[in-house]
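Residue strings, one per chain:
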Amino acid sequence: MTSAPRLSSLAGINEGVTLPGYDPSAHGAGIVHLGMGAFHRAHQAVYTDAALASGGGYWRIIGVSLRSRTAVDQVAPQNGLFTVLERSSAGTSARIIGSIADVVGGEGAAAQALSQMTRPQTRIVTMTVTEKAYGIDRETGGAEVSHPAVAGDLAHPDAPKGVLGLLVAALRVRREQGTPPFTVLCCDNLPENGALLRGGVIDFARRIDGPLADWIAETVPFPSCMVDRITPAATESTLKDAIRATGFADRAAIETEPFTQWVIEDRFADGRPDWEAGGAVFVDDVRPYELMKLRMLNGAHSMLAYAGHLAGHVHVRDVMTDPDLSLLVERQMCAAQATLPVVEAVDLDMYRADLLDRFRNTAIAHATVQIAMDGTQKLPQRIFAPALDAMRAGQDLGPYAFATAAWMCFVVRHKNSAEAVLRDPMADVLRDSLSSAQSAPEIVAALSAIKGVVPQGLSQDKGWRNAVTARLGRMLTDGIRAAITAEIEI
Ligand code: CS2
């Protein structure tokens, strides 16, 4: 098996594998995408593949990996081709994606990205760089000047390395050269992701060039969108199964679930691919969809990642076979659902039932420790924002208090862990804040006092503090299992 030739063309691929329904080399690149991880390959690249097959156009993607060369080593020798394995209880199906035209990464990637973003042919810049990469202050909505990439780029705006700096530098060159702007499409799980990024970009621009900031505000669209597809990190078995399915070694192969969703605001500066061909839905206002997904899916994911990991469950599917924890997963979804506006086109009960089925997918090995990463960046929109809404509506805060206590317990348990389980851009801040906190009330007070994580509306509320403290106390004293049992009995 290991002697299989490397995937690099569409010739000779095993029968039964779905191939791009177009000649990839016949299409130029009109999109630059920042963040070449598994999620992009399972999501926007697949929608763009369907769009190229259906409507054609100059819409292939130049992928940029700002942090490492891994994606270049994976994808470039394969001429951009890679395998998507769709896994469900019915089996695994394989599809080759042809929408990636080229990839840049590692040393010099930022400069290459900048030159790609200033090409007049680039009409859309999309990104999946994860919540922590932006450097936007969620409270003020402006650029977070203490964020390392933002600070560096403000000092050297002509040689940017971070997301805000790159976008602003590229837009500045386009403006100076009289090239129309591109559309900026943020595809990360952030609330009102387009509007949030717009605020960060304009504020960053204003700090270096006021008229540029005004031009961006007037001319650059930042549609928001909701993205969804559960995509674990690829493993050795992904790569082996890709060889088995296609007959070719594919170091860029990924595995994902059959479900996929993309809801996008239809505001583009200069056209867009026919993403509807892949099932994307265009709406005027994405907020209700995004709240639904962030709170019901991602909120339940974060809760089950912390409680599940503490209870010894390696994968989401294991959590779902734990009768007590799976009840708490459903309870979390129900609580989140109660905070949502009505989404006309969506039956929320059905959405919840589908989510539970997706979490139960035994063919997908989605590690709890992967979801547990970056809690300080994820919990504000997944747990704390719905908790605040629930508090204002007089709803039960128990599910959110349990999820928060599980996160705090996870942080306490792993703060000095040798295997670096606590992966969070604020890991040092978390550790420092806990240095003299011992008891549950001290830990809750210490972690809640960290700026920009737990909103004050919650942390200063006595009922909330007591609810979190009681649960954390149980977890620390009696263990997570006892805390889960107690939670079911409440
Ligand atoms: C997960 C998400 O890792 C995480 O935090 O909750 O990546 C989740 O799998 C996706 O948002 C699903 O669309």
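Residues numbered from 1 in each chain as written. Predicted model: local features only at pLDDT ≥ 70, side-chain atom pairs only at ≥ 80, totals over all residues.

1. Observations concerning the overall build of the protein
Part 1: From N to C terminus, the protein includes 21 helices and eleven strands.
Part 2: For 490 residues, the compact-globule estimate of 2.2 N^0.38 gives 23 Å, and the C-alpha radius of gyration of the protein, at 23 Å, lies within 12% of that figure.
Part 3: With respect to the principal axes defined by its C-alpha atoms, the protein has extents near 60 × 55 × 45 Å.
Part 4: Buried residues in the protein amount to 50% of all 490 residues. (Helix = DSSP H or I, 4+ residues; strand = E, 2+ residues; numbered from the N terminus. Rg over C-alpha atoms; globule rule 2.2 N^0.38 Å. Buried ≥ 20, exposed ≤ 12 C-beta atoms within 10 Å, placed from the backbone.)

2. A word on the site of the ligand
Part 1: Residues in close proximity to the ligand include Asn189, Asp228, Arg229, Ile230, Asn298, His301, Gln370, Ile371 and Lys378, which together make up its full environment.
Part 2: Contributing elements (two or more residues each) for the shell around the ligand: helix H10 (287-310) and helix H14 (368-372). (Near = placed C-beta within 6 Å.)

3. What about the environment of glutamate 15?
Part 1: Positionally, glutamate 15 belongs in the segment before strand S1 (29-34).
Part 2: Take glutamate 15: there are 5 C-beta atoms within 10 Å of it, and that puts it in the exposed class.
Part 3: Along the primary structure glutamate 15 and serine 25 are separated by ten residues, whereas in three dimensions their C-alpha atoms are 22 Å apart.

4. Thoughts on the sheet that holds strand S9 (residues 254-256)
Part 1: Taken in spatial order, the three strands of this open sheet run S4-S3-S9, and their pairing is mixed. Sheet topology places strand S4 (91-97) and S9 at the edges, where each strand pairs with a single neighbour. Neighbouring strand axes in the sheet, compared pairwise and without regard to direction, differ in orientation by 25° on average.
Part 2: Each of strand S3 (82-88), S4 and S9 is contacted by helix H9 (residues 236-246), which is oriented at about 100° to S3, the strand it contacts most. (Pairing = 2+ DSSP bridges. Axes fitted to C-alpha atoms, helices over the stretch in contact; angles between N-to-C directions. Contact = placed C-beta atoms within 7 Å.)

5. Looking at the nonpolar core
Part 1: By size, the foremost hydrophobic cluster in this structure holds 152 residues, and its most contacted members are Ala113, Leu167, Ala307, Ala406 and Met408.
Part 2: In terms of residue count, H10 provides more of this core than any other element does, 13 residues in total.
Part 3: Sequence-distant contacts of alanine 113, that is, excluding residues within four places in its chain, are made with Val32, Leu34, Val64, Val104 and Leu166. (Core = buried A, V, L, I, M, F, W, Y, C linked by C-beta atoms within 7 Å.)

6. Some words on the UniProt feature "domain: Mannitol dehydrogenase N-terminal" (unreviewed entry) in the protein
Part 1: According to UniProt, the "domain: Mannitol dehydrogenase N-terminal" (unreviewed entry) feature falls on residues 30-276.
Part 2: Taken as a whole, residues 30-276 contains 38% helix and 21% strand, while its terminal C-alpha atoms sit 17 Å from one another. (UniProt positions renumbered as here; feature names shortened; annotations may be inferred.)

7. Re the sheet that holds strand S11 (residues 281-283)
Part 1: Strand order in this open sheet of three strands is S8-S10-S11, and the pairing throughout is mixed. Where the open sheet ends on each side, the last strands, each with one partner, are strand S8 (225-228) and S11. The average undirected angle you get between the axes of adjacent strands in this sheet is 20°.
Part 2: Across three bridges, the pairing between strand S10 (residues 261-265) and S11 is parallel.

8. Regarding helix H18 (residues 440-448)
Part 1: Within H18, burial applies to Ala440, Ile443, Val444, Leu447 and Ser448. An end-on view of H18 places all buried positions within 120° of arc, on one side of the element.
Part 2: In this fold, the buried residues of H18 make contact with helix H16 (398-414), helix H17 (427-433), helix H19 (456-459) and helix H20 (462-478). (Arc of directions from axis to C-beta.)

9. Points about the environment of valine 346
Part 1: Within the element layout of this structure, valine 346 appears in the loop between helix H12 (323-337) and helix H13 (348-360).
Part 2: Sequence separation between valine 346 and tyrosine 289 is 57 residues, and the spatial gap between their C-alpha atoms is 8.7 Å.
Part 3: Excluding residues within four positions of it along the chain, valine 346 makes contact with Met292 and Tyr351.

10. A few points about the pairing of S1
Part 1: Of all six residues in S1, six are buried, a share of seventy percent or more.
Part 2: Both S1 and strand S2 (residues 60-65) contribute to a ladder of five bridges, which runs parallel. Bridge pairing in S2 links alanine 29 to arginine 60.
Part 3: Relative to strand S6 (residues 124-127), S1 runs parallel, the two sharing four bridges. Among the inter-strand pairings, leucine 34 is bridged to a residue of S6, identified as methionine 127.

11. What about unusual backbone geometry?
Part 1: The backbone of threonine 130 sits at a positive phi, close to 75°, despite the residue not being glycine.
Part 2: When you line up the elements, threonine 130 lands in the loop between S6 and helix H5 (148-155).
Part 3: Look at threonine 130 and you get partly exposed, because 18 C-beta atoms sit within 10 Å.
Part 4: Not every positive phi belongs to a glycine, and glutamate 192 is a case in point at roughly 45°.
Part 5: With respect to the element layout, glutamate 192 can be found in the loop between strand S7 (183-186) and helix H7 (193-208).
Part 6: Residue classification places glutamate 192 among the partly exposed residues on the basis of 19 C-beta atoms within 10 Å.

12. Quick word on the packing of H10 against H16
Part 1: The geometry of H10 relative to H16 is characterised by a closest axis approach of 8 Å and an angle of 45° between their N-to-C directions. Accordingly, the angle class assigned to the pair H10 and H16 is oblique. Both H10 and H16 take part in a crossing whose hand is left-handed. Residues Ser302, Met303, Tyr306, Ala307, His309 and Leu310 of H10 touch H16, and the partners they reach there are Ala403, Ala406, Trp407, Cys409, Phe410 and Arg413.
Part 2: Classifying every residue of the contact of H10 with H16 by side-chain character gives nine nonpolar, two polar and one charged. (Parallel < 35°, antiparallel > 145°, perpendicular 65-115°, else oblique. Left-handed = near helix turned anticlockwise from the far one by under 90°. Nonpolar A, V, L, I, M, F, W, Y, C, P; charged D, E, K, R; others polar.)

13. Quick look at the pairing of S3
Part 1: Burial analysis of S3 places six of its seven residues in the buried class, which makes it a mostly covered element.
Part 2: With seven bridges joining them, S3 and S4 adopt antiparallel strand pairing. Along S4, the bridge assignment pairs phenylalanine 82 with isoleucine 97.
Part 3: Counting the residues that bridge the hairpin from S3 to S4 gives two residues.
Part 4: Sheet topology places S3 next to S9; three bridges connect them, and they run parallel. Bridging across to S9, glutamate 86 finds its partner in threonine 256.

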